[in-house]
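The chain contents come next:
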Amino acid sequence: MERAKLSVVVITFNEERNIERCIRSVQDLADEVLILDSFSKDNTKHIATSLGARFEEHAFDGHIQQKNRAWQMATHDWVLSLDADEALDGQLSAAIEEVLSSDDPQVDGYSMNRLTNYCGDWVRHSGWYPDTKMRLFRKGKGEWGGVNPHDKFDLHEGLVSGHLKGDILHYSYYTSEDHYKQIEYFGNIASKELYERGVKKGWFTIYLKVFAQFMKTFFFKKGFLDGATGFTIARMSAFATYRKYVKLKQRHAGTFA
């Protein structure tokens, strides 16, 4: 049986720190690496093209919209969607190769686990692992949905999915400053989505949600087993909840900047 061909698609914006690792992790697997960039100002384009990637550009209009655009631009029947700060481990790469070699016509998409590195530590609790994601799928058999910035790939109703062994290695934050920047960035997007849906929250509800988020992450999701890193993640997750709803209140008050 002839091996099925694979397009790896990645959306980027100013990802010079991550994109080489991402591309190199799939070079032996991919028949095409497609980068859909939002007009980066750094060396993302140079790095990607020097590694043989196909480089396209389109203005960013949302994570969901951009990821759907990326897979639609892919050349081959199988698509693997990664973020620029992700890479495949050896076990997952081998599992994907097996899928392409066997190409079971009954399965149209595969999920896989994601293991996150936080400031140098691999996080195996705190609600961050296994963090299962659907990332490998037949082109046209599903689409990205969810609520920005928390996108989710869904196969069309009635289609069959499988699960692959191995991990996507997610290099999320190098420093706490990176995390704070991401909280502000995601908070802007999430508060906009909530505002457009007419959601409003009072201060009592906001503080209750902040407290609940910390308890959920540190205790119910066993963040304490991640030690000091788990405590930091729980604290930052609670802070992210706070910032999202503060930004929402600012939007309703007309003071959001």
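Details of the structure are given in the entry above.
Residues numbered from 1 in each chain as written. Predicted model: local features only at pLDDT ≥ 70, side-chain atom pairs only at ≥ 80, totals over all residues. Heavy atoms only, no water.

**Observations regarding the pattern of salt bridges**
This model, assessed by the stated rule, comprises 21 salt bridges. With a shortest N-O distance of 3.1 Å, Glu56 and Arg54 are connected by a salt bridge. The exposure class of Arg54 is partly exposed, given its relative accessible area of 27%. What you see here is one network of salt bridges that share partners, running through Lys67, Asp83, Glu86, Arg114, Asp131, Lys133, Arg135 and Asp151. (Salt bridge = Lys/Arg side-chain N within 4 Å of Asp/Glu carboxyl O. Buried < 20%, exposed > 50% of the residue type's maximum accessible area, 1.4 Å probe, protein only.)

**Description of the side chain of Glu15**
Following the sequence through the fold, Glu15 ends up in the loop between strand 1 (6–12) and helix 1 (19–24). With no salt bridge to any partner, buried Glu15 finds its closest opposite charge in Arg17, at an N-O distance of 6.5 Å. (Helix = DSSP H or I, 4+ residues; strand = E, 2+ residues; numbered from the N terminus. Lys, Arg positive; Asp, Glu negative; His and termini not counted.)

**Section: a nonpolar patch on the surface**
Together, Phe219, Phe220, Phe224 and Leu225 make up a nonpolar patch on the protein surface, roughly 450 Å² of accessible area in all. By the element assignment, Phe219 lies in helix 6 (residues 203–220). (Patch = residues over 30% accessible without salt bridge, like charges linked within 9 Å, V, L, I, M, F, W, Y side chains within 5 Å. Areas by Shrake-Rupley, 256 points an atom, 1.4 Å probe, with all protein chains shown as cover.)

**A short note on the side chain of Lys67**
Mapped onto the secondary structure, Lys67 falls in helix 3 (residues 63–73). Those residues in contact with Lys67, other than ones at most four positions away along the chain, are Ile11, Asp83, Trp144 and Asp151. (Contact = heavy atoms within 4.5 Å.)

**Comments concerning the nonpolar core**
Among the nonpolar cores identified, the biggest contains 33 residues, and Leu80, Ile96 and Leu136 are the most heavily contacted of them. Contributions of two or more residues to this core are made by strand 1, helix 1, strand 2 (32–37), helix 2 (44–50), strand 4 (78–83), helix 4 (90–102), strand 6 (109–118) and strand 11 (161–173). The contact partners of Ile96, leaving out residues within four places of it in the chain, are Leu6, Leu29, Leu80, Leu88, Leu136 and Leu164. Leu34, Leu36, Ala70 and Trp71 belong to the second-largest nonpolar core, a separate cluster that totals 14 residues. (Core = buried A, V, L, I, M, F, W, Y, C linked by side-chain atoms within 4.5 Å.)

These values are about where atoms sit, not about what they do.
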